[in-house]
Amino acid sequence: MPKSIFQVKTRKLLAIAGSVWILAGFNVAKIGFENYLLIKNLPFFYPILSLLIFSAFATLFYKLSAKHHKRIKSYREDTRPFWHFFDLKSYLIMIFMISGGSLLRISGLAPIDFIAVFYTSIGLALISAGVSFWQKFFKY
């Protein structure tokens, strides 16, 4: 039984992480897809470029999910605060990425082509990492 309402079984941290990554990925990919729809004459190589960027980030995010899985499995306690699905460094990276991405779009510095290709790729890579967290949750 959890010690407080903020405590969850350690295994559930993987499900929380998976849900957060999938939700973030969905929101980012949605922005990318919406911008793809705004491109009048879509160059043939944009989807290929998206796939290449996706591959790079999916690999990176998979390694991060494995790192977090290892950290979560190393906890000796049966329960932990729900926010322990990330470590401090990951929270700082998440804040930087969300703030930077928002500022980039709001500023108008990034053309819709960049947002379409990059956001779609990153969003789908985040979703794939979220799925890997859920897989680790079920195998825990």
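Bear in mind the structure is a predicted one, so any value in this text is a computation, not a measurement.

Structural notes on the layout of surface pockets
Each pocket or cavity is described by its volume, and for the largest pocket that value is around 780 Å³. Looking at the lining of the largest pocket, the elements with two or more residues in it are helix H1 (12-38), helix H2 (45-74), helix H3 (88-107) and helix H4 (112-139). Looking at the lining of the largest pocket, its residues break down into 21 nonpolar, 6 polar and 3 charged.

Some details on the packing of H2 against H4
Look at H2 against H4: their axes get within 7 Å of each other, and the N-to-C directions meet at 35°. Crossing geometry of H2 relative to H4 is assigned as right-handed. Residue classes in the contact of H2 with H4 are distributed as 17 nonpolar, 7 polar and 2 charged.

Quick look at the packing of H3 against H4
In a packed pair of helices, the relevant descriptors are the angle between the two axes and the axis-to-axis distance. Here H3 crosses H4 at 160°, and the two axes come no closer than 11 Å. Classified by the angle their axes make, H3 and H4 are roughly antiparallel. In this structure, the crossing between H3 and H4 has a hand that is left-handed. Of H4, the residues touching H3 (which contributes Gly 101, Ser 102, Leu 104 and Arg 105) are Phe 114, Ile 115 and Tyr 119. Its residues placed into classes, the contact of H3 with H4 shows 4 nonpolar, 2 polar and 1 charged.

As for the pattern of salt bridges
It is possible for side chains of opposite charge to pair when their charged atoms get near one another. Evaluation of the coordinates by the stated rule reveals 3 salt bridges. Taking the shortest distance from any N to any O, the salt bridge between Lys 67 and Asp 87 comes out at 3.7 Å. Here the residue Lys 67 occupies a position in helix H2, and Asp 87 occupies one in the loop between strand E2 (79-81) and H3, the gap between them amounting to 20 residues. In this structure, the salt-bridge partner of Glu 77 is Arg 80, at a minimum N-O distance of 2.6 Å. Classification of Glu 77 as partly exposed rests on a relative accessible area of 37%. Among the residues examined, Arg 80 registers a relative accessible area of 15% and is labelled buried.

Parameters at a glance
- Residues numbered from 1 in each chain as written.
- Predicted model: local features only at pLDDT ≥ 70, side-chain atom pairs only at ≥ 80, totals over all residues.
- Heavy atoms only, no water.
- 1 Å grid on protein atoms, 1.4 Å probe; cavity = no way out; pocket = protein on both sides within 12 Å on 5 of 7 lines; lining within 4 Å.
- Points joined across faces, edges and corners; volume = space filled by probe spheres on them.
- Helix = DSSP H or I, 4+ residues; strand = E, 2+ residues; numbered from the N terminus.
- Nonpolar A, V, L, I, M, F, W, Y, C, P; charged D, E, K, R; others polar.
- Axes fitted to C-alpha atoms, helices over the stretch in contact; angles between N-to-C directions.
- Left-handed = near helix turned anticlockwise from the far one by under 90°.
- Parallel < 35°, antiparallel > 145°, perpendicular 65-115°, else oblique.
- Contact = heavy atoms within 4.5 Å.
- Salt bridge = Lys/Arg side-chain N within 4 Å of Asp/Glu carboxyl O.
- Buried < 20%, exposed > 50% of the residue type's maximum accessible area, 1.4 Å probe, protein only.

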